[in-house]
Amino acid sequence: MDLEEPLFSDILLALLEGEIVQHLVQVILHRLPLPLAEIPVSLLCRLTLSGEAFVDQFVSSWHPGEASAYLSALLQSQETPTIAELLSLLGQVARASGQNLPFLTATLGGPGLSYQPLQQALDHHDKSVRAKACGLAGKLLGQGQGGDRLLEKVLERLWDDDPAVRGSASFAAGNAAYRAGSAPQAQAALVPALPRIVGLLDDPRPRTRRNAASALGNLGSGSGQLGRGLLRAGAPQHLLELACRDSQACVREAALAALRAMSQWPQVREVLISLRSCEKLSVMCQRMEQKATLSGTGSVVSPRSSAHTLLHHCNRLRDALTPTLSD
């Protein structure tokens, strides 16, 4: 339904002031059987996307113990669409504020229970549930939550048959990699998965390729153990190829950013120099500038364009490699 913005805002305000979230929660918990819960859960999910005030109402009206029991009951049922909607709803709660972490920890059975309901969702037979579970796990891992066992389960999904699940798992791995610098156990769990993450740079889906490149970039600030693992997996070579040849600007940008992060290691710089990276990057910059000229936008690319960002990363990476060349 198409509504004018003022009318839509008035409707949302009326729903907020009428505490519709609290009423929906009570109906879901105490009035509706599981097979009939999909629509109200979906409505809750849409409302929380409309503003943090709805998220606050949801967190305050649904006791974590009740939420955990409801999620566990859903996972034992065949109500796959409702499970996926509830995981999306909890993902929105995680995204809204770090202050919601105690609610999510209690709801998802952590830390003492090792997030068993979420682990169960990661192994669900339905691909949409697995993808949503990876997304939710990624948000927790990105905030330093989840633990080693949850990370291991997420990394298993990097081999999933479904491309959407692999994409969500690569996102979660990237978030875990961002936090791994201060968590030696997380680093140890990520090292065996590095060849698979590098392999996802060839995934057919641009989103997965971008997520994999970002994950490798997040690992670029980690320990020497990670650096050696990245070299063994051939990450610099694959990222350089991606940066120079991928058809999607967002993927090339993620690959260049990852190379910049990894170039802090002398061994990685040596590999990039041996691959004649500066020459290849110079050719790529020239092509982008020529394309801008031929398209009529001039040789100076707009600061807001993807080409400008790519040029920025190219130049910074060349700067990082050039001093080593002159040593």
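Residues numbered from 1 in each chain as written. Predicted model: local features only at pLDDT ≥ 70, side-chain atom pairs only at ≥ 80, totals over all residues. Heavy atoms only, no water.

Asks: Which parts of the structure should I look at to understand the packing of aromatic side chains?
Replies: Geometry of an aromatic ring pair is reported as the spacing of the ring centres plus the angle between the planes. Going through the model one piece at a time under the given rule, you end up with 3 aromatic pairs. Pairing phenylalanine 58 with tryptophan 62 gives two aromatic rings, centres 5.2 Å apart and planes at 75°, and the pair type is edge-to-face. Of the two residues, phenylalanine 58 and tryptophan 62, neither departs from the other in class, the shared state being buried. With a centroid separation of 5.9 Å and an interplanar angle of 75°, the aromatic rings of phenylalanine 58 and phenylalanine 103 are classed as edge-to-face. Here phenylalanine 58 is found in helix α4 (residues 52-61), whereas its partner phenylalanine 103 is found in helix α7 (residues 101-107), with 45 residues between them in sequence. With respect to class, phenylalanine 58 is no different from phenylalanine 103; both count as buried. (Phe/Tyr/Trp six-rings, centres within 6.5 Å; stacked < 30°, edge-to-face > 60°. Buried < 20%, exposed > 50% of the residue type's maximum accessible area, 1.4 Å probe, protein only. Helix = DSSP H or I, 4+ residues; strand = E, 2+ residues; numbered from the N terminus.)

Asks: Just to check I follow, could you spell out the pattern of salt bridges for this structure?
Replies: Oppositely charged side chains may form a pair once their charged atoms are brought near each other. Across all of its chains, the model carries 13 salt bridges by this definition. The partner of aspartate 162 in a salt bridge is lysine 127, with the nearest N and O atoms 3.8 Å apart. Taken together, the positions of aspartate 162 in the loop between α10 (147-156) and α11 (163-179) and lysine 127 in helix α9 (residues 127-142) put the pair 35 residues apart, joining distant regions of the chain. Accessibility expressed as a relative area gives 49% for lysine 127, which makes it partly exposed. Taking the shortest distance from any N to any O, the salt bridge between arginine 276 and glutamate 279 comes out at 2.7 Å. Residue class for glutamate 279 comes out partly exposed when judged on its relative accessible area of 46%. One network of salt bridges, in which partners are shared, links Asp123, Arg130, Lys153, Glu156, Arg157 and Asp160. (Salt bridge = Lys/Arg side-chain N within 4 Å of Asp/Glu carboxyl O.)

Asks: Explanation requested: the environment of glycine 110 in the structure shown.
Replies: Note that glycine 110 resides in the loop between α7 and α8 (116-122). Residue classification places glycine 110 among the buried residues on the basis of a relative accessible area of 16%. Between the C-alpha atom of glycine 110 and that of glycine 147, which follows or precedes it by 37 residues, the distance is 8.6 Å. Leave out the neighbours within four places in its chain, and glycine 110 touches Thr105 and Tyr115. (Contact = heavy atoms within 4.5 Å.)

Asks: Is there a simple way to think about the state of the cysteines in this case?
Replies: Put plainly, a disulfide is one covalent bond tying together the sulfur atoms of two cysteines. For the coordinates displayed, the defined rule picks out 0 disulfides. Counting only cysteine sulfurs, cysteine 45 is the nearest neighbor of cysteine 134, a cysteine outside any disulfide, at a range of 17 Å. Using a relative accessible area of 0% as the deciding quantity, one classes cysteine 134 as buried. Summary of cysteine pairing: cysteine 250 is not part of a disulfide, and the nearest cysteine sulfur, belonging to cysteine 314, is at 15 Å. Of the residues examined, cysteine 250 reaches a relative accessible area of 33% and is grouped as partly exposed. (Disulfide = S-S within 2.5 Å.)

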